[in-house]
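Close look at the chain arrangement
Spelled out, the chains give:
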Amino acid sequence: MKSFYLIACFLLSEWVINPVCAQLIDSMATSETKALYNHLVSLSGKKIMFGHQDDLAYGVHWKYEDGRSDIKEVINDFPAVFGWDIGGIEHGHSNNLDSVPFDRMKKYIIEAYHKGAINTISWHTDNPVTGGNSWDTTRAVKEILPGGKHHSFFVSWLDRVATFLNSLETNNGVKIPILFRPFHELNGGWFWWGRPYCSPEEYKALWKFTIEYLRDVRHIHQLIYVYNTNSFSNEPEFTERYPGKELADMLSLDIYQRAPLNASKEQLKNSSLKFEKQLKENLKVVVQIAHQDHKLSALSETGFEAIPVRDWWTRVLYNAIKDFPISYVLVWRNHGFMEAKNKMHYFAPFKGQKSAGDFKKLYKKKRMLFSKATKKINLYQ
Ligand code: BMA
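Everything in this summary refers to the structure shown in the same document. As the structure is a computational prediction, the values presented were derived from the model and not from experiment. (Residues numbered from 1 in each chain as written. Predicted model: local features only at pLDDT ≥ 70, side-chain atom pairs only at ≥ 80, totals over all residues. Heavy atoms only, no water.)

What follows deals with the packing of aromatic side chains. Scanning all chains against the criterion turns up 33 aromatic pairs. Aromatic pair Trp15 and Phe324: ring centres 6.2 Å apart, planes at 5°, arrangement stacked. Here Trp15 is found in the loop between α1 (2-12) and α2 (31-43), whereas its partner Phe324 is found in the loop between α10 (312-321) and β10 (328-331), with 309 residues between them in sequence. Both residues of the pair, Trp15 and Phe324, count as buried. Ring plane angle 85° and centroid distance 4.9 Å describe the contact between Trp312 and Trp313, whose orientation is recorded as edge-to-face. The burial state of Trp312 is the same as that of Trp313; both residues are buried. These aromatic residues form a ring-pair network of at least three members: Phe50, Phe275, Phe304, Trp312, Trp313, Phe359, Tyr363 and Phe370. For the cation-ring pair, Lys115 lies above Phe78, with the distance from its terminal atom to the ring centre recorded as 3.9 Å. (Phe/Tyr/Trp six-rings, centres within 6.5 Å; stacked < 30°, edge-to-face > 60°. Helix = DSSP H or I, 4+ residues; strand = E, 2+ residues; numbered from the N terminus. Buried < 20%, exposed > 50% of the residue type's maximum accessible area, 1.4 Å probe, protein only. Lys NZ or Arg CZ within 6 Å of the ring centre and 35° of its normal.)

This is the structure:
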């Protein structure tokens, strides 16, 4: 059996995860979590799931209407991956930082599970030293590590995270597996846990403490841990803060295409070329390191705000990712009009949006998976 797997891997792609060596870092993971992980391992190199942040909660022109989804209104199917953010849970707030009520989020997460799809959670946590938000870059990491002045306060925050994650369960008491992506975009300079505000050792210590606290102290066994950087210039930048293969299950990248508002055709073309090039270069590093350490990989956040390019999905995004054995690609939230910035803020198409026709083409690609297909696979069994 082993040699069969090895040959199969070799034929597929040199970077596909080797199923013989792949193992969750939590040896006590629940059976549903193990099943999900095993499915992700066997789908690697064959399929890429499509994901969308806050998909069930709101869209560009609506909020909290049961059964709605901007994606569904374009392709008559839901995403295979649903992204959520629990920033605010650390205080026991009733809404997250983007004003999604946690009780609704919980309902959506359970709904997504029953759809046979996957849930992933990030945590835009406030700064535990100042009480400012994630973007308050006052140094804090050192202070919240064991021995630090704010350590026990930070642990009280982790307790709220643990309680929320543990509350995500079905009526039958099945704990819902979650791809958990804390302290994300770690090499950027915008969050308090970012590269300029802590040493690699401090970041790694924060990661290790968090994982061990949730897993070994709070006995949460339904998490798949996702290490995440923003786009990077070279491999050392990607691996500098990597906590090691005993402490992550999936390696992932966040990268966005950007262009000036009302960019000319020429500017859009150039920005697409630049984005595609960087995305490919970065993914190559991510999947190589993932392969080497027998980890899954993903494009955990991407998009082009307000999708100004009609055929962006197939010509730019799909072209760039199709040859990489990533588990999923997730686009960020469809907030709609942002008054403070006087611009539209959305990353998935909606009915009538310029790129909706091209998104239907993406939906038809054999390599892409949405929720009707994942339901058939039975990811949790
Ligand atoms: C950013 C923007 C913000 C939001 C944050 C967390 O990319 O969408 O509006 O608050 O993510 O979801």
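The end-to-end C-alpha distance of α2, which contains 13 residues, comes to 18 Å, matching closely the 18 Å that a straight helix rising 1.5 Å per residue would cover. Of the positions making up α2, those classed as buried are Glu32, Thr33, Ala35, Leu36, Tyr37, His39, Leu40, Val41 and Leu43. Positive backbone phi, at 90°, marks Gly45, one or two positions downstream of α2. (Expected span 1.5 Å × (residues − 1).)

All residues in the neighbourhood of the ligand are listed as Leu97, Asp98, His124, Trp135, Trp332, Arg333, Met338 and His345. Asp98 places a side-chain nitrogen or oxygen 2.5 Å from an oxygen atom of the ligand. Here the ligand, which alone exposes 310 Å², has 78% of that area covered by the protein. In terms of residue class, the shell around the ligand is built from four nonpolar, two polar and two charged. (Near = heavy atom within 4 Å. Polar contact = N/O pair within 3.5 Å; in protein donor to acceptor, adjacent residues only side chain to side chain. Areas by Shrake-Rupley, 256 points an atom, 1.4 Å probe, with all protein chains shown as cover. Nonpolar A, V, L, I, M, F, W, Y, C, P; charged D, E, K, R; others polar.)

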